[in-house]
Amino acid sequence: MTASVQHRPRGNRRGRRRDGGRRRTMVVALPLALVASSALVYQASNAAFTASTDNGSNTWSSGTVAISDDDSSSVMFQATGLKPGDTGIKCINVTYSGTLAGGVRLYVTSTSGTLGQYLDLTVEEGTGATGGATLSCSGFSATSTLSAGGATLASFATAHTDFGSGVSAWAPTGSAPEARSYRVTYTLQDTNSAMGQSAAATFVWEAQNS
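All values reported here derive from a predicted model rather than from experimental measurement. (Residues numbered from 1 in each chain as written. Predicted model: local features only at pLDDT ≥ 70, side-chain atom pairs only at ≥ 80, totals over all residues. Heavy atoms only, no water.)

Let us now look at the pattern of salt bridges. Under the counting rule described, the total for this entry stands at 2 salt bridges. Residue D86 pairs with K83 through a salt bridge whose shortest N-O separation is 3.3 Å. Residue classification places K83 among the exposed positions, given a relative accessible area of 52%. Between R183 and E124 there is a salt bridge whose closest N-O contact spans 2.8 Å. You can see R183 sitting in strand 6 (residues 178-188) and its partner E124 sitting in strand 4 (residues 119-127), a full 59 residues away along the chain. Here E124 falls in the buried class, since its relative accessible area comes to 13%. (Salt bridge = Lys/Arg side-chain N within 4 Å of Asp/Glu carboxyl O. Buried < 20%, exposed > 50% of the residue type's maximum accessible area, 1.4 Å probe, protein only. Helix = DSSP H or I, 4+ residues; strand = E, 2+ residues; numbered from the N terminus.)

Attention now moves to the nonpolar core. Grouped burial of nonpolar side chains is what soluble globular proteins tend to show. Ranked by size, the top nonpolar core spans 27 residues in total, and within it L106, F156, F203 and W205 carry the most contacts. Elements with a minimum of two residues in this core: strand 2 (87-96), strand 3 (102-113), strand 4, helix 2 (153-159), strand 6 and strand 7 (199-209). Looking at this core element by element, the count peaks at 4 residues for strand 6. (Core = buried A, V, L, I, M, F, W, Y, C linked by side-chain atoms within 4.5 Å.)

Here we have 5 strands laid out as an open sheet, ordered 1-2-6-4-5, and antiparallel in their pairing. Of all strands in the sheet, those with a lone pairing partner are strand 1 (67-69) and strand 5 (141-145), marking the two edges. Going across the sheet, the axis of each strand differs from the next one's by a mean of 35 degrees, ignoring polarity. Direction of pairing for strand 4 relative to strand 5: antiparallel, over a ladder of 4 bridges. Across the sheet, the residue bridging to E125 is S144, located in strand 5. (Pairing = 2+ DSSP bridges. Axes fitted to C-alpha atoms, helices over the stretch in contact; angles between N-to-C directions.)

Further remarks concern the state of the cysteines. Applying the stated criterion across every chain, the model contains 1 disulfide. Covalently, C91 is tied to C137 through a disulfide, its sulfur atoms 2.0 Å apart. In this structure, the disulfide formed by C91 and C137 twists by about 105 degrees around the S-S bond and is classed as right-handed. Here C91 is found in strand 2, whereas its partner C137 is found in the loop between strand 4 and strand 5, with 46 residues between them in sequence. (Disulfide = S-S within 2.5 Å.)

What follows concerns unusual backbone geometry. Although it is not a glycine, L135 adopts a positive phi angle of roughly 55 degrees. Along the chain, L135 falls in the loop between strand 4 and strand 5. Here the phi dihedral of S168 falls at roughly 115 degrees; this positive angle occurs in a residue that is not glycine. In this fold, S168 is placed in the loop between helix 2 and strand 6. By relative accessible area, S168 is classed as buried at 13%.

As a further point, take the side chain of T152. Its location among the elements puts T152 in the loop between strand 5 and helix 2. By relative accessible area, T152 is classed as buried at 11%.

By themselves, these figures tell us nothing about what the structure is for.
Written out as structure tokens, the structure is:
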């Protein structure tokens, strides 16, 4: 009895190999197709008409508050050996040169001693004083009196201690430098209570923008 041997057609094996190759090729080709498709979508999403406008380069700067006087760093009064009825008069010119509108006020600080209660004080605001290092009042013309009637150095210093309580209605506009003259007058009262006493005070002109 002869056994029969069956042979599988070679063509089928080759066909299977070819089919498998095609499947592998398709597996590789599919991701490449997705990458190419994504690139097209990305380019499409960034394609647009545009337009813009601007108003140029914006800038900012701050204004200034500036005040000075012409006393050449000297003091108005250094009076010693006073006796009843003695008086003294000095003028000072104050200039506002800031670029902001504001206000200027006069007040007193650094007070000491007890003679101030016996020194009658008059403070006037005006224009035209020679001022300078000599603190001369030549040419001074008063426009207002800043000290109340019967004021003394002590009472003026107590009432006017800072900008908020200071005196003067001077309100510079800041458009150009402005100046004011101030005349300060003191007289020692005729009383024995003033004998052997002393006093000290600093007059301050302060500017603040409005």
